[in-house]
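Structural overview for review
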Amino acid sequence: MSSEQTSAPATAGSASMRGARRAIVSEEVDLALCGGLSIAVFIPMLLLGFPGADPLEPFHVASGRLGADLLVWTAALNFPHFFASYWLVYRSKETRLLHKWASIYLPCLVALVCGMGVFLSASGITGLGVGLIAFASGCYLAWHYTGQSWGMMSTFAIIERTPFTADERRWLRSSLNILLAWHVAWGFDLTSGLGAVHDAVHAVFPLLTSAIGLAFAVGSVGFIKMYRRIGRIPAARIFVPWLAIHCWYALMARYPFCIILVQLAHAIQYLPFTARLELNRARADAASPRRYVIGAVVCFVLAIPLFFGVPHLQGKFFYWVNAAPVSAMGLSVVLLGTAFVVRRHAVPVRMLSLGVVALVGGCALFWFLVVFVSQALGSLLSLPPAAAATARMIPAFLAIHHYFTDGVLWKLSNPQVRRDLFAHLEP
């Protein structure tokens, strides 16, 4: 990745930002959202643990009131973070054609493979295909987590005007690659039905967990080299994402069910970057936010029957799970309507509109598609095996597509990405 800075032409909307401190949001918010908050929460969890929890039960926290609370936060943070990447690639005809593999080819290919897995499972031939696809999605997640951590480290190194040298990059990337390998082994250890491979990994997994410490030692060499080069401790924003992922994996090693919490921490890291990208584009675009407001209102109207008008979602549990994000959307629409009537502050109106669209779109993808399609196959077509396989394959499809899309879109070596992401910064 090139360390060369690319500045965008000054615009009226961004002129006021030129004298501001260099940050994605602000130095304090960057530090908190990109790892500081998760470190502060996860370290006490590591030290105090979860009394009464079974460390071997991956979905221990997915039941009861805590599970309901986690699903609310998942709907409010994790689902929109998925939809945000789809927005970036499908937002216009130009982006769809520029990234054909992300927008057309790969989704079709993965949908075909997932469809074959559902067919084989429903036909009673074998359920191995469904398991392997879900496992592949988990392995890709390891690449996604470590890749995002590296992207943030690189971004903040550029913002701080202390980009990594090739030698520092080699040590730090090696550190993250060790964590990637550990995450894949962790997935093998928790996935049944893989035969001798699972048994072999399970037997040595306690030893493999020491790789987290090895990764920390290897990465520390890179930061020590950076310290010697620049003559001071690197800015906290540069190494906090690296520290955070070590905390994530240490918590996952002790309590596998904490992957749910790690997903939330990952989503919190991601959203400020997509927000900054869209904010910079909004400032450079003088167009009226009318179409964004209309889109947000339409999404809100569609969300009412989608989340509250479905008979099997009217139970108390699902009602409260859905009430929080929908209430947030309602408040957002009120704010949007007020801002639109006043006809001022076009940029905030556009950003709030996109937030509503991402929230509704993310919930629709993960609840509407999974619940409705699996229910339809199970009840209307009397194919329970197909329903169960579909309930696993749709999230796997969305996850694989999301991971690939992010890998394509977020490349700092791409001049357009650098221009849009850093347009608010002074040269």
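Residues numbered from 1 in each chain as written. Predicted model: local features only at pLDDT ≥ 70, side-chain atom pairs only at ≥ 80, totals over all residues. Heavy atoms only, no water.

**Considering helix H8 (residues 211-230)**
Taking 1.5 Å as the rise per residue, H8 with 20 residues should run 28 Å; its terminal C-alpha atoms sit 29 Å apart, in good agreement. When H8 is considered as a whole, its buried residues turn out to be Ala211, Ile212, Ala215, Val218, Gly219, Gly222, Phe223 and Met226. Buried residues of H8 fall within an arc of 140° about the axis and therefore sit on the same side. Positioned one or two residues after H8, Gly231 has a phi angle of 75°, which is positive. (Helix = DSSP H or I, 4+ residues; strand = E, 2+ residues; numbered from the N terminus. Expected span 1.5 Å × (residues − 1). Buried < 20%, exposed > 50% of the residue type's maximum accessible area, 1.4 Å probe, protein only. Arc of directions from axis to C-beta.)

**As for the packing of helix H6 (residues 166-190) against H8**
One can describe the packing of H6 onto H8 by two numbers: an axis separation of 8 Å at closest approach and a directional angle of 165°. Of the possible angle classes, the one that applies to H6 and H8 is roughly antiparallel. Handedness of the H6/H8 crossing: left-handed. (Axes fitted to C-alpha atoms, helices over the stretch in contact; angles between N-to-C directions. Parallel < 35°, antiparallel > 145°, perpendicular 65-115°, else oblique. Left-handed = near helix turned anticlockwise from the far one by under 90°.)

**As for the nonpolar core**
Grouped together as the largest cluster of nonpolar side chains are 73 residues, with contacts concentrated most on Phe164, Trp248 and Tyr249. No other element matches helix H9 (residues 236-254), which puts 10 residues into this core. Apart from the residues within four sequence positions on either side, Phe164 is in contact with Trp150, Met153, Ser154, Ala157, Arg169, Leu172, Phe223, Met226, Arg229 and Ile238. Within the second largest apolar cluster, 11 residues are counted, among which are Cys114, Ile133, Met393 and Ile400. (Core = buried A, V, L, I, M, F, W, Y, C linked by side-chain atoms within 4.5 Å. Contact = heavy atoms within 4.5 Å.)

**Here we look at the confidence of the model for the chain**
Averaged over every residue, the pLDDT of the chain is 77; the share at 70 or more is 68%. The secondary structure element of the chain with the lowest average pLDDT is helix H12 (residues 316-342), at 52, and the one with the highest is H8, at 96. Here residues 1-20 is a poorly scored stretch, pLDDT under 50, and it has 33 contacts once near neighbours within four places are set aside; other chains count. In the predicted structure, residues 309-321 sits below a pLDDT of 50 and forms 21 contacts with residues beyond four places in sequence or in another chain. (pLDDT = per-residue confidence, 0-100.)

**As for the pattern of salt bridges**
If you walk through the whole model with that rule in mind, you get eight salt bridges. Taking the shortest distance from any N to any O, the salt bridge between Arg237 and Glu160 comes out at 2.4 Å. Taken together, the residues span a long stretch of sequence, with Arg237 in helix H9 and Glu160 in the loop between helix H5 (128-159) and H6 at a distance of 77 residues. Residue classification places Arg237 among the buried positions, given a relative accessible area of 6%. The partly exposed category is assigned to Glu160, whose relative accessible area is 23%. Within the structure, one salt-bridge network assembled from shared partners comprises Arg91, Glu278, Arg281 and Asp420. (Salt bridge = Lys/Arg side-chain N within 4 Å of Asp/Glu carboxyl O.)

**Overview of the environment of Leu132**
Along the chain, Leu132 falls in helix H5. With relative accessibility at 41%, the residue Leu132 sits in the partly exposed group.

**Points about the side chain of Glu168**
By the element assignment, Glu168 lies in helix H6. Using a relative accessible area of 2% as the deciding quantity, one classes Glu168 as buried.

**Points about the packing of H9 against helix H10 (residues 259-284)**
Packing of H9 against H10 brings their axes to within 9 Å, and their N-to-C directions diverge by 165°. On the basis of the axis angle, H9 is roughly antiparallel to H10. Crossing angle aside, the handedness with which H9 passes H10 is left-handed. Listed contacts from H10 to Pro241, Ala244, Trp248 and Met252 of H9 are Ile259, Val262, Ala265, His266 and Gln269.

**Section: the packing of aromatic side chains**
Tallying each qualifying case throughout the model produces 13 aromatic pairs. Considering the side-chain rings of Trp182 and Tyr249, the 5.2 Å spacing of their centres and the 40° angle between planes classify their relative orientation as tilted. Taken together, the positions of Trp182 in helix H6 and Tyr249 in helix H9 put the pair 67 residues apart, joining distant regions of the chain. Both residues of the pair, Trp182 and Tyr249, belong to the buried class. Here the aromatic cluster, defined as three or more aromatic residues joined through ring pairs, consists of Phe216, Phe223, Phe239 and Trp242. (Phe/Tyr/Trp six-rings, centres within 6.5 Å; stacked < 30°, edge-to-face > 60°.)

**Section: the environment of Asn280**
Along the chain, Asn280 falls in helix H10. When its relative accessible area of 6% is taken as the criterion, Asn280 is described as buried. On a C-alpha basis, the gap between Asn280 and Ala423 in space is 6.2 Å, while along the polypeptide they are 143 residues apart. The contacts of Asn280, once residues within four sequence positions are left out, are Asp420, Leu421, Phe422, Ala423 and His424. Of the polar contacts made by the side chain of Asn280, one reaches the backbone oxygen of Asp420; its length is 2.7 Å. (Polar contact = N/O pair within 3.5 Å; in protein donor to acceptor, adjacent residues only side chain to side chain.)

**Here's the deal with a nonpolar patch on the surface**
Judged by side-chain polarity, Ile43, Leu47 and Leu48 come together as a nonpolar surface patch covering roughly 350 Å² of accessible area. Counting through the fold element by element, Leu48 comes out in helix H1 (residues 27-48). Residue Leu48 is classed as exposed on the basis of its relative accessible area, which comes to 69%. (Patch = residues over 30% accessible without salt bridge, like charges linked within 9 Å, V, L, I, M, F, W, Y side chains within 5 Å. Areas by Shrake-Rupley, 256 points an atom, 1.4 Å probe, with all protein chains shown as cover.)

**Some points on the side chain of Gln148**
Its place among the elements puts Gln148 in helix H5. Given a relative accessible area of 10%, Gln148 falls into the buried group. Excluding anything up to four places from it in sequence, Gln148 contacts His266, Gln269 and Tyr270.

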